[in-house]
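Single-letter residue listing:
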Amino acid sequence: MTDQAYNFAYLDEATKRMIRRALLKGIAVPGYQVPFASREMPMPYGWGTGGVQVTAACLTPEDTLKVIDQGADDTTNAVSIRKFFERTGGVKTTTHTAEASLIQTRHRIPEEPLRADQILVYQVPIPEPLRFLEPRESETRKMHSLEEYGLMHVKLYEDIARHGEISTAYAYPVKVEGRYVMDPSPIPKFDNPKLGGSPAIQLFGAGREQRIYALPPFTQVVSLDFEDHPFMASKADHDCDLCGCSTSYLDEVITDDRGGRMFVCSDTDFCEARRAQGHRGRLSPEEAV
Amino acid sequence: MKDLGNTALLQVAGLSKYYGTRIGCEAVSFDLWPGEVLGIVGESGSGKSTLLSCLAGHLTPDQGRVLYNGRDTVTMSEAERRVLGRTDWAFVHQNARDGLRMGVSAGGNVGERLMAVGARNYGAIRGSAIDWLGRVEIDADRIDDRPRQFSGGMQQRLQIARNLVTGPRLVFMDEPTGGLDVSVQARLLDLLRGLVRDMGLSVILVTHDLAVARLLADRLMVMQAGRVIEQGLTDQVLDDPQAPYTQLLVSSVLQV
Amino acid sequence: MIEIENLSKSFTLHNQSGITIPVMEGAHLSVLPGECVALTGASGAGKSTLMRMIWGNYLAAGGAIRVGGLDITKAAPREIIALRRDTLGYVSQFLRVVPRVPTLRVVAEPLLALGLPEAEACARAAQLLSALNIPERLWALSPTTFSGGEQQRVNIARGFVHGYPALLLDEPTASLDATNRAVVLGLIEQAKARGAAIIGIFHDEAARAQVCDREVDVTEFTPASARGAA
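Reading the values: the criteria
- Residues numbered from 1 in each chain as written.
- Chains lettered and ligands numbered in written order.
- Predicted model: local features only at pLDDT ≥ 70, side-chain atom pairs only at ≥ 80, totals over all residues.
- Heavy atoms only, no water.
- UniProt positions renumbered as here; feature names shortened; annotations may be inferred.
- Helix = DSSP H or I, 4+ residues; strand = E, 2+ residues; numbered from the N terminus.
- Buried < 20%, exposed > 50% of the residue type's maximum accessible area, 1.4 Å probe, protein only.
- Phe/Tyr/Trp six-rings, centres within 6.5 Å; stacked < 30°, edge-to-face > 60°.
- Lys NZ or Arg CZ within 6 Å of the ring centre and 35° of its normal.
- Polar contact = N/O pair within 3.5 Å; in protein donor to acceptor, adjacent residues only side chain to side chain.
- Contact = heavy atoms within 4.5 Å.
- Pairing = 2+ DSSP bridges.
- Axes fitted to C-alpha atoms, helices over the stretch in contact; angles between N-to-C directions.
- pLDDT = per-residue confidence, 0-100.

Per an unreviewed UniProt entry, chain C goes by Phosphonate ABC transporter ATP-binding protein and derives from Thioclava dalianensis. Recorded in UniProt under Sequence similarities (unreviewed entry), the annotation for chain C is "Belongs to the ABC transporter superfamily."

Under an unreviewed UniProt entry, the name given to chain B is Phosphonate C-P lyase system protein PhnK, and the source organism is Thioclava dalianensis.

Right under this line is the structure:
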C-alpha cells in the first residue's frame, strides 16, 4: 500500500530527473564520478542515502526490489530500506537474487550471477579512490582528468612494503575501460572479478559526498596490481559451515566466548537456496528424519 | 656533459609576473645550457622565488616565453606541463615536507615518480629505491620508515632522491640547504655537486646564501626588486661585482 | 697560447660615492706554448688583477685576452667554464672547497669533471699527493683542516692533476719547505716540457730564475693617474 503523502519512491520527479541525468552521464563515461545534488533523506548518512536516491530514481512500480547489507537480507539496514520502498513506492520486494529486478547493496555482490534485466545499486561511503594519499579534492579531480594514477600504486606499494603482500582486502581500486580509476565501494576484493563483464547495469551512489558513477553492462574492469604481486581475489580458506559451499565469500561468526567460531556464506539468500537443495555443512543441524 | 652543445635546454625571454600593480619579476631573459648550474641570488622579496615558480610552471607568467627543448611551457597544456614535471623536471623545495609525502614510507616516496610513469614491478621499484637511498647516503634499512622519523638533512636528501629517480634533465631548487645545520649543509652540497656532475643535470638554484651559490653555481643572476640587475660567471659576479646592489650584497657577507 | 692586447681595467666603487679607480691600461702580453712568464712589480701593481682577468673572475674594461683562441673578455660564461675545464688551470693562493669532501676527491675533481672514470682520476690524484708529500692518512680528510702549507700543496696538486695547455700560478712556492718547493718547480718544468703556456707570480726569486723564461713588469701597465697616487 503506497503511502499517499509521498510521491512514488519518496523523491519528487524533478529530483529523480536530476539523478537520472547524472546516472546517464555516469553510464556514458564509465568510472567517472559525476557530481549530483544529493538530497536529505530520512535516514542518516552512512546508511545508504546515496544508494537509496539512485534506487528511487531507477525504480518503477513493476520492479521487484532486493536489499542486502554485507550479503544479508535480514539486517537492520537492509530491512529498513526494503520497508522504505514498500511504503513509499508500493513495490514488490524479495530476498531472492534471481527474482529481483533491482538490487541495492552495501558491501557485496550477490554470489548468483546477475542478468541483463537487473540493476545493481551500490551504497558508497567514500567514492574517491585517491583520497587515501591526496586530501585535496581539486588535486584529485585534476589527477583523474589527466590520468595521473601513480599514487594509486603507491598505496599498493605501501601495503606490500608493510605486510609483504597487498593487504587491501576491500574497496580494492580498479581501472575502468583503461581510463578511470574507481573505488568499487567497500566490497571485498573477492567480488572484484564480478565487476567486469557483468550483463547487469551497476550504479554507485555516494550521498554525503554527492557523487554518482556507473559501470554499463560488459565493462572492462581491471583490479590494479604489480607484475610480481598480481591481484588475487581471496576469501577465508574454509567451506561454509551451513551449506558446505567452498567457493562463496564467507563471514566468520563467533559462536561463544570459548573461542568457538563458524564460517558461513555472507550471501544469506545463496546459502539458504543451497540448503534447500540439500547441501550440508560441518555444523548443519542433524536432519530430523 | 663534456659536449658544449649548440641548443639551450631552457630559453627564457621577457618573462614578467605581476601581483596587481606590484612587480613579481620583470623582463627576465636568459638561456640555460645542458649541464649548467644557474644560481639566482638576491634578498627576500627580490623576485627569485616568483621567477622560479614561473619557470617551473607553478605560476603563470603575465608576459614572456619559456622554451624547454624548444617547446613553450607557458602555452602548452597543463597535462603536458605536469608530465614534464614528473619526468624531465624536478623540483626540490626548501622545506622537505613540501616535497615529500610524510605519511608514505621512504621507499614509497622514491618509487612514486617511477609508478607515475608506469613502473609496475614491485621488486624493480624497490630495487631502484634502495639504489637511490644509497646514492643520497640513507641506509637501505630505513626504506620502510616514514620521513617524519628522519632528521632534517635526511628528509632533504630523501626529497632529492625522490626527485632524481626518473633521471630528470632540469632541476629547480629553492633554497635546498636553507634551514639545515652548517655541517649538514656541507654534506648536502657535496652530494648535489656529485649528482649534478654525474647525471649531467641542468639546475636553476634559488638561494640567498652566496657561499652556497659559489660552491654550486656555474653562473649567477642577481635579482633586485623583480629585475635581473647583473649576471655572469659565478666567481666574476662575486669577485668583481659591477652593479651597486651586487657590490653591497657581496660586501655585506662576512666571507664567501 | 695566451695573448693579451691593450687590456685595461678599472674598479667602480658604487658604495663609496661611486669613485672609479683605473688600475690597468694598455696591457699586452703573449705567452707561447712551453713558455713560462713571470709577472713582476711591487705589491699592488696589479699582478693578481691581471691573473684574475685571464682567469675570468675580473671583468676587463677594454682590450682582449685570448686563451687557446677564446677571447675571455667577450666569452659567454659557459665558454669560460669549458675553457677552465679543458684548457686553463689556476693555482691560487687560497683553497676553496666544499667542507667535508676528502682531499683525494678534491684533487681528483678536475678529472671527474672531464669525464674520467673515478678510479683513474683518483689514481692520478694519489700520485700527485704522494709526490707532494701529503701523507696518505690525510687523503680521506677534508683539506679545510690542514695547515697552510698542506693546503697550498693540495691546491697545487689540483692545479696539476690535468695537463692543462695553459696555467696560471699565483705564488706556487710560497710557504713550502725546500723539498716540496723542489717538487713544485719540477712539476712546472714538466708542464713546460709538455708544452704548457704558463704565467706565474713568484716572490721567490730563485724559483723565478729557475723556471721562468722571461719577466714582465706589470708596473708598465699602471695608468699614469694611478701611478701618481701610488
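Chemist: Explanation requested: unusual backbone geometry in the structure shown.
Modeler: Peptide bonds are trans in most cases, and residues, glycine excluded, mostly fall at negative phi. For His107(A), which is not glycine, the phi torsion reads 70 degrees and is therefore positive. With respect to the element layout, His107(A) can be found in the loop between β4 (102-106) and β5 (119-123). By relative accessible area, which is 15% here, His107(A) ends up buried. Positive phi outside glycine occurs at Glu137(B), with the angle close to 65 degrees. Within the secondary structure layout, Glu137(B) lies in the loop between α5 (122-135) and α6 (152-164).

Chemist: When you look at the packing of aromatic side chains in this model, what are you seeing that I'm missing?
Modeler: Describing an aromatic ring pair means giving the distance of the ring centres and the angle of the ring planes. Throughout the structure, instances matching the rule amount to 15 aromatic pairs over all chains. Seen in terms of ring centroids, Tyr32(A) and Tyr180(A) are 5.5 Å apart; in terms of plane orientation they differ by 55 degrees. Their pairing is tilted. Taken together, the residues span a long stretch of sequence, with Tyr32(A) in the loop between α1 (13-28) and β1 (34-35) and Tyr180(A) in strand β7 (residues 180-182) at a distance of 148 residues. Note on Phe226(A) and Tyr122(B): the rings are 5.9 Å apart at their centroids and 70 degrees apart in plane angle, and the pair reads as edge-to-face. Residue Phe226(A) is located in the loop between β10 (221-223) and β11 (250-254), and its partner Tyr122(B) is located in helix α5; the two belong to separate chains. Taken as a pair, Phe226(A) and Tyr122(B) share a single burial class, namely buried. An aromatic cluster is defined as three or more aromatic residues linked by ring pairs; in this entry it consists of Tyr6(A), Tyr10(A), Phe84(A) and Phe85(A). Positioned above the aromatic ring of Tyr180(A) is the side chain of Arg179(A), whose terminal nitrogen or guanidinium carbon lies 4.2 Å from the ring centre.

Chemist: Can you walk me through the side chain of Thr140(A) in this structure?
Modeler: Residue and element names in this part refer to chain A. Within the secondary structure layout, Thr140 lies in helix α4 (residues 137-145). Judged by relative accessible area, Thr140 falls into the buried class, the value being 0%. Separated by 2.9 Å, the side chain of Thr140 and the backbone oxygen of Glu137 make a polar contact. If near-sequence neighbours (up to four positions away) are discounted, Thr140 is found in contact with Glu128, Leu130, Arg131 and Glu134.

Chemist: Sorry if this is basic, but what is going on with the environment of Ala236(A) here?
Modeler: Residues and elements named next belong to chain A. By the element assignment, Ala236 lies in the loop between β10 and β11. Separated by 138 residues in the primary sequence, Ala236 and Ala98 have C-alpha atoms spaced 26 Å apart. Apart from the residues within four sequence positions on either side, Ala236 is in contact with Leu250 and Phe263.

Chemist: Would you mind going over the pairing of β11(A) with me for this structure?
Modeler: Consecutive residues of a regular strand have side chains that alternate between opposite faces of the sheet. Residue and element names in this part refer to chain A. Pairing of β11 with strand β12 (residues 261-265), which is carried by 5 bridges, proceeds in the antiparallel orientation. Within the sheet, the bridge partner assigned to Glu252 lies in β12 and is Phe263. Counting the residues between successive antiparallel strands, the hairpin from β11 to β12 contains 6 residues, one of them, Gly259, with a positive phi of roughly 90 degrees.

Chemist: Is there a simple way to explain the UniProt feature "domain: ABC transporter" (unreviewed entry) in chain B in this structure?
Modeler: Per the UniProt record, the feature "domain: ABC transporter" (unreviewed entry) sits at residues 10-250 of chain B. Helix makes up 41% of residues 10-250 of chain B and strand makes up 25%, while its end C-alpha atoms are separated by 28 Å.

Chemist: Just to check I follow, could you spell out the sheet that holds strand β7 (residues 170-174) of chain B for this structure?
Modeler: Sheet strands pair via backbone hydrogen bonds, and the direction of the pair is either parallel or antiparallel. Residue and element names in this part refer to chain B. Ordered in space as β6-β7-β8-β3-β9-β10, the 6 strands form an open sheet in which the pairing is mixed. Strands with a single pairing partner mark the edges of an open sheet, and in this sheet they are β6 (89-92) and β10 (227-233). Averaged over neighbouring strand pairs, the angle between their axes works out to 15 degrees when direction is ignored. In terms of strand pairing, β7 meets strand β8 (residues 202-206) through 5 bridges, oriented parallel. The partner of Val171 across the bridge, within β8, is Val203. This element, helix α1 (residues 48-56), spans β3 (37-41), β6, β7, β8 and β9 (219-224) of the sheet and lies at about 150 degrees to β7.

Chemist: Teacher, can you tell me more about the environment of Thr49(C) here?
Modeler: Residues and elements named next belong to chain C. By the element assignment, Thr49 lies in helix α1 (residues 47-55). Its relative accessible area of 15% is what places Thr49 among the buried residues. Residues Thr49 and Val23, 26 residues apart in the sequence, show an inter-C-alpha distance of 8.6 Å.

Chemist: So what exactly am I meant to see when it comes to the confidence of the model for chain C here?
Modeler: Of the residues in chain C, 98% have a pLDDT of 70 or more, and the chain-wide mean is 91. Interface predicted TM-score (ipTM) for the complex: 0.88; the corresponding pTM is 0.87.

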